[in-house]
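Per-entry structural report
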Amino acid sequence: MCGIVGYVGKASAGSVLINALKRLEYRGYDSSGLAVVSESRNVEMRKRSGRLDNLKELLAENPAEGNCGISHTRWATHGEPTDANAHPHTDQSGKLVMVHNGVIENYQTLKEQLGAEGHEFRSQTDSEVLAHLIGKCFDSSQEDDRCKRLVEAVREALKMVTGTYGIVVMHADAPKFLVGARLGSPLVIGLGKGEKFLASDVGAIVSHTSDAIYLSDRDLVYMTEDDFAIENVDGDAADYEVSTVDYTQEDAEKGEFPHFMLKEIYEQPTSIQNAFRGRLLDDQASAILGGLQLTPRELRDVDRIVLCGCGTASHAAMVGEYLIEHLARIPTEVEIASEFRYRNTPLDKNTLVFVISQSGETIDTLSAMREGQRKGHRVLGIVNTVGSTIARESDGGSYLYSGPEIGVAATKSFTSQVTLLTLLALLLGRMRHLSVDYGQRMLQELRDLPAKVEMILQQSDKIRTIAEKYIDAQGMLFLGRQFNYPTALEGALKMKEISYIFASGHAAAELKHGIIALVSEETPSVFIMPKDSVFEKNVSTLEEVKARKGPVIAITTEGGVELERIADDVIYIPEVTECLSPILASIPLQLLSYHFAVARGCDVDKPRNLAKSVTVE
Ligand code: AGP
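Everything in this summary refers to the structure shown in the same document. Along each chain, residues carry numbers from 1 onward, in the same order as the chain's sequence is written. Selection of residues for local features in this predicted model requires a pLDDT of at least 70, selection of side-chain atom pairs for listing and counting requires 80 or more, and totals for whole chains, interfaces and linings are taken over all residues. Only hydrogens and water are removed before side-chain values are computed, so all heavy atoms of the structure are retained for them.

1. Some words on the sheet that holds strand 7 (residues 165-171)
Heads up, the rule is: Whether two strands pair comes down to DSSP finding at least two bridges between them. Elements are defined by DSSP. Helices are runs of H or I of four residues or more, strands are runs of E of two residues or more, and each kind is numbered from the N terminus. Two residues qualify as a contact provided that any one of their heavy atoms is within 4.5 Å of a heavy atom in the partner residue. Axis lines are fitted to C-alpha atoms, over the contacting stretch for helices. Their N-to-C directions set the angle, which ranges from 0 to 180 degrees.
Spatially, the six strands line up as an open sheet ordered 5-6-7-8-12-13, and their pairing is antiparallel. Looking at which strands have only one partner, the edges of the open sheet turn out to be strand 5 (89-90) and strand 13 (228-232). Of the strands in this sheet, strand 6 (96-101), strand 7, strand 8 (174-183), strand 12 (219-223) and strand 13 touch helix 5 (residues 146-158), which is tilted by about 25° from strand 8.

2. Looking at the pairing of strand 11 (residues 211-214)
In this sheet, strand 11 lies alongside strand 9 (residues 188-192) in antiparallel orientation, the contact comprising three bridges. Residue Gly190 lies in a different strand from strand 11, and its bridge partner there is Ala212. Relative to strand 14 (residues 243-244), strand 11 runs antiparallel, the two being bridged by two bridges. Each bridged residue has a counterpart across the sheet, and for Asp211 the counterpart in strand 14 is Thr244.

3. Considerations on the site of the ligand
The cut-off we apply is this: Neighbouring residues are identified by heavy atoms, a residue being near a molecule or strand if any of them is within 4 Å of it. We call two N or O atoms a polar contact when they sit within 3.5 Å, provided that within protein one can donate a hydrogen and the other can accept it, with sequence-adjacent residues counted only if both atoms are side-chain atoms. For every accessible area listed, the method is Shrake-Rupley and the probe measures 1.4 Å; residues are considered covered only by the protein chains on display. Any residue outside Ala, Val, Leu, Ile, Met, Phe, Trp, Tyr, Cys, Pro, Asp, Glu, Lys and Arg is labelled polar, Gly included; the first ten of those are nonpolar and the last four are charged.
In the vicinity of the ligand lie 15 residues, with Ser357, Ser359, Thr362, Val408 and Glu497 positioned nearest. Measuring from an oxygen atom of the ligand, one finds a backbone N or O atom of Ala410 at 2.8 Å. Lys494 is positioned with one of its side-chain polar atoms (N or O) 3.0 Å from an oxygen atom of the ligand. Expressed as a share of its isolated accessible area of 410 Å², the protein-covered part of the ligand is 91%. For the shell around the ligand, the elements supplying multiple residues, two or more each, are helix 9 (311-327) and helix 16 (485-499). Looking at the shell around the ligand, its residues break down into seven nonpolar, six polar and two charged.

4. A short note on helix 14 (residues 436-457)
Using the following cut-off: For a helix, the expected span equals 1.5 Å multiplied by the number of residues minus one. A residue's bend is the angle separating two fitted axes: one through the seven residues that end there, the other through the seven that start there. Buried means the residue's accessible area, taken with a 1.4 Å probe over protein chains only, is under 20% of the maximum for its type, while exposed means over 50%, and partly exposed covers the values in between.
For helix 14, which comprises 22 residues, the first-to-last C-alpha distance of 32 Å matches the rise-based estimate of 32 Å (1.5 Å per residue) to within 8%. Where helix 14 bends most, the angle comes to about 40°, and this point is Leu449, followed within four residues by the proline Pro450. When we look at burial in helix 14, the residues that qualify are Gly439, Met442, Leu443, Glu445, Leu446, Leu449, Pro450, Lys452, Val453, Ile456 and Leu457.

5. Here's the deal with the pattern of salt bridges
Between side chains of opposite charge, a pair can form as their charged atoms come close. Convention followed: Any carboxyl oxygen of Asp or Glu within 4 Å of a side-chain nitrogen of Lys or Arg constitutes a salt bridge here.
Inspection of every chain in the model, using the stated rule, returns 34 salt bridges. In this structure, the salt-bridge partner of Arg464 is Glu468, at a minimum N-O distance of 3.7 Å. In this pair, Arg464 and Glu468 are both assigned in helix 15 (residues 460-469), four residues apart and thus about one turn of the helix distant. We note a salt bridge from Asp569 to Lys469, for which the minimum N-O separation is 2.8 Å. Remark: Lys469 occurs in helix 15 and Asp569 occurs in strand 26 (residues 569-573); sequence separation between them is 100 residues. Through salt bridges with shared partners, a single ionic network connects Arg182, Asp217, Arg370 and Glu393.

6. Some points on helix 18 (residues 581-599)
Since the α-helix packs 3.6 residues into each turn, any two residues three or four apart lie on the same face. Along its 19 residues, helix 18 runs 28 Å from first to last C-alpha, staying within 8% of the 27 Å computed at 1.5 Å per residue. Where helix 18 ends, the next residue or the one after it, Gly601, has phi of about 75°, a positive value.

7. Concerning the nonpolar core
Counted only if it meets this: Only buried residues count toward a nonpolar core, which is a set of Ala, Val, Leu, Ile, Met, Phe, Trp, Tyr and Cys residues joined through side-chain atoms within 4.5 Å.
Ranked by internal contacts, the top residues of the largest apolar core, which has 84 residues, are Leu292, Ile305, Leu323, Phe354, Met476 and Phe478. Contact partners of Leu292, with chain neighbours within four places excluded, come to Leu299, Phe354, Leu380, Asp395, Gly397, Ser398, Leu424 and Leu427. Among the nonpolar cores identified, the runner-up in size contains 30 residues, and Ile167, Val169, Ala181 and Val233 belong to it.

8. Details of unusual backbone geometry
Put simply, His87 and Pro88 share a cis peptide bond, and its omega is 5°. Topologically, Pro88 is positioned in the loop between strand 4 (68-74) and strand 5. A positive phi angle, near 60°, is found at Asn344, a position not held by glycine. Among the secondary structure elements, Asn344 is positioned in the loop between helix 10 (337-343) and strand 19 (351-357). A relative accessible area of 56% places Asn344 in the exposed class. Here Tyr401, not a glycine, exhibits a phi torsion of approximately 55°, which is positive. Structurally, Tyr401 is set in the loop between strand 21 (397-399) and helix 13 (412-430).

Laid out in structure tokens, this is it:
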């Protein structure tokens, strides 16, 4: 999951590319680079390991002038983050230049073949091998129509590779001309006036144009500043449609917040509202999800549901499992997407499969979707990123409408995914046994959520104090029951991925089956225990932790004071119906991990070793 950008136009390519990369840094940030073809047809290459600022400094010392260029910010798959391994990479001649997002699985074989033909490699990367292969296919001996032959060379080389790619290629002898192609890694065209862009996602180009074309797998595009053409790798013209980007540049900026993660935590009153806006049916005490493209009869016939996702999306799916079984009484199971794609899960004709993904590009979730479709099943997507691969290839689904989520740690996408799954559960439930009265109460509970989230956000300072109190903790346990068992998993993931301490989430009753061995004075336990049907059970478990001197942070419903005497710290959330409590309870967990990580000096938006969208296996 790297970020790639190509530019051809009249502006200075160097500055356009650097600013565009800044918006893609969340996709990978262990090294970066750019290359520009100068007026004198020289390739000006600048590459640096480390953060993007290192590249900016290099460019300030040694500018790269020209109006056509490509750039890359990297999340290393093959080869350490070094200057040499940073993209772009060139072919043997040094005149063909390429950036790549993805994995070339047969790169070793190709590298040996090319090496035997005298090719010399400067890096350990799989991407450089592809650059050499394209260079080998490009016949630069003839002076005429080198652009056309560059396209042919890319097409010919891609037929020889296995794996995934999103690439942008240019050649010093084909000035002001870019070639792009994708298979398994996203690539979008930005249609500017007198300038064209290629990028991993629209965030890189939204400040220049709102007209975009989302390429599909096997598409190949070539462009000048004034024109473009899209074909498939076989050379046939490919269909496409021009979309209008659904967010603005400031949506993709931090504004007055110190981090994207905090901004996105604070956006949740709005993002939750966006998730249910226009989808509540008061006259039927139900919900409407038109994007599912399923008739009432087809929805009524559903007798089993499989929910697939990775990371936070899988935790939202787990809440969805409880919600759908609670409200609609339909057997539901959650499959980690990376397992589902290999597990050969038996699916019958009335099984409905959903894939859940904020980015809509996670390769494991994309592969799970394709596996379900391979078996002839309709697979629906619950996705945030408009125009993403999952959104376009699924058989229908619903957008979160949360706006861009830039922080690597998922926050608003989790609460919006759970909101969407609540709407699905309500819709299915009201088609079966759920009463009008119950349906109306659920609609009101959903409408009340944004204000309740606002109330929790006002406790941010208190939660920061609690986080700082435990700053030396080397580990943390997160415990919850029923609807909040997945909330505990999500809280643990937030904590570990941005503060790097060991954190684990558990069904609270499991504590006595081994986990309690971890309880100590140095290991705080966070209980997600609203006043619900299992509150008393959670109190008992909390007592067991206290009996072993384990510090306890309790998240519970406001109004109750009984926990003040037994827990070390208590965070209150507003009263809410039990099945919606994960949405509220996750907010303090997000803030707790955020403040804890900031207090420990961690880079909250770009945690080590991570990237926002995992488009490689
Ligand atoms: C969660 O905070 C992480 N960023 C990660 O687990 C993420 O949820 C996972 O990679 C799935 O991403 P997706 O929703 O874009 O598919």
